[in-house]
Amino acid sequence: MSKANPTRDEAFDLLKKYNSNEALIRHALAVEAVMLHFAEIFDEPDKEKWGIIGLIHDLDYEMYPDQHCQKVREILAKEGWPEDYIRAVQSHGWGICSDVEPIEKMEKVLYTIDELTGLITATALLRPSKSILDLKTKSVKKKWNQKSFAAGVNREVIEKGLELLGLERDFVIEETIKGMQKVAEEIGLKGNL
């Protein structure tokens, strides 16, 4: 059975089948929202595809952390997902846990914003409001150079992604915040606003 176009509901059901950790699900929702936001910016014809790939990008992470970006190929192929979806998901781990290089614009955006959403989340949670709704780009930039802050965020990956995209860091930070703001409540970053 081949799913030419997996639906968002199918993707979310699959995500929940392999992930029960609320933090991972919130991260998936954040990445989905940011991918949809960038698909709008770039006026992509298949915005839903961008969102779905963002939603399932860490599908194999909770159950198979040592095979992250590898096991997902097997899972999605078994589900009948198209090759371009599988490849896009695998490409977000390029140079870390995958040798699939991001080539398409969608893949480059995913590669860049995956880690960035983590830095933005950590920055928002540090604010008195604990909200992304009042977060500004300059706050994230201040935390960028503090290597001990959100130490798990690989800033080199973000830089490499920015280079691949040919976009300025400030622009990508600002637009990633905007994308996440659209789902502030769902990702636990509405705070007390």
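In this report, we go over the structure that sits alongside the text. (Residues numbered from 1 in each chain as written. Predicted model: local features only at pLDDT ≥ 70, side-chain atom pairs only at ≥ 80, totals over all residues. Heavy atoms only, no water.)

1. Description of the side chain of His37
Inference 1: By secondary structure assignment, the location of His37 is in helix α2 (residues 22-41).
Inference 2: Taking relative accessible area as the criterion, His37 reaches 8% and is therefore assigned buried.
Inference 3: In terms of polar contacts, His37 uses its side chain to reach the side chain of Glu175, at 2.6 Å.
Inference 4: Looking at His37, its side chain comes within polar contact range of the side chain of Lys182, at 2.8 Å.
Inference 5: Non-local contacts of His37, meaning those with residues more than four positions away in its chain, are made with Glu175, Lys178, Gly179 and Lys182. (Helix = DSSP H or I, 4+ residues; strand = E, 2+ residues; numbered from the N terminus. Buried < 20%, exposed > 50% of the residue type's maximum accessible area, 1.4 Å probe, protein only. Polar contact = N/O pair within 3.5 Å; in protein donor to acceptor, adjacent residues only side chain to side chain. Contact = heavy atoms within 4.5 Å.)

2. Observations concerning empty space enclosed by the protein
Inference 1: Under the definition given, this model contains 1 cavity of 30 Å³ or more.
Inference 2: Taken as a whole, the largest cavity encloses approximately 50 Å³ of empty space.
Inference 3: Around the largest cavity, the lining residues are Leu15, Asn19, Leu24, Ile25, His27, Ala28, Leu55, Asp58 and Leu59.
Inference 4: The element contributing the most residues to the lining of the largest cavity is α2, with 4 residues.
Inference 5: Residues belonging to the lining of the largest cavity are distributed by class as follows: 6 nonpolar, 2 polar and 1 charged. (1 Å grid on protein atoms, 1.4 Å probe; cavity = no way out; pocket = protein on both sides within 12 Å on 5 of 7 lines; lining within 4 Å. Points joined across faces, edges and corners; volume = space filled by probe spheres on them. Nonpolar A, V, L, I, M, F, W, Y, C, P; charged D, E, K, R; others polar.)

3. A word on a negative patch on the surface
Inference 1: Taken together, the side chains of Asp9, Glu10, Asp13, Asp46 and Glu48 define an acidic patch exposed on the protein surface.
Inference 2: Of the residues forming the negative patch, the biggest block, 3 residues, is contributed by helix α1 (residues 8-18).
Inference 3: The residue Asp46 is located in the loop between α2 and α3 (47-56) in this model.
Inference 4: Given a relative accessible area of 32%, Asp46 falls into the partly exposed group. (Patch = residues over 30% accessible without salt bridge, like charges linked within 9 Å, V, L, I, M, F, W, Y side chains within 5 Å. Areas by Shrake-Rupley, 256 points an atom, 1.4 Å probe, with all protein chains shown as cover. Salt bridge = Lys/Arg side-chain N within 4 Å of Asp/Glu carboxyl O. Lys, Arg positive; Asp, Glu negative; His and termini not counted. Charge placed at Lys NZ, Arg CZ, Asp CG, Glu CD.)

4. Observations concerning the packing of aromatic side chains
Aromatic ring pairs are reported here in terms of the distance separating the ring centres and the angle at which the planes meet.
Inference 1: Considering all chains together, one arrives at 4 aromatic pairs under this definition.
Inference 2: Considering the side-chain rings of Phe38 and Phe42, the 6.0 Å spacing of their centres and the 35° angle between planes classify their relative orientation as tilted.
Inference 3: Measuring from centroid to centroid gives 5.8 Å for Trp81 and Tyr85, while their planes differ by 90°, and the two rings are edge-to-face.
Inference 4: Accessibility expressed as a relative area gives 5% for Trp81, which makes it buried.
Inference 5: Given the relative accessible area of 3%, Tyr85 is considered buried.
Inference 6: Here a set of aromatic residues connected by ring pairs shows up, and it is made of Phe38, Phe42 and Trp50.
Inference 7: Cation over ring: Lys160 sits above Trp94, and NZ or CZ is 4.4 Å from the ring centre. (Phe/Tyr/Trp six-rings, centres within 6.5 Å; stacked < 30°, edge-to-face > 60°. Lys NZ or Arg CZ within 6 Å of the ring centre and 35° of its normal.)

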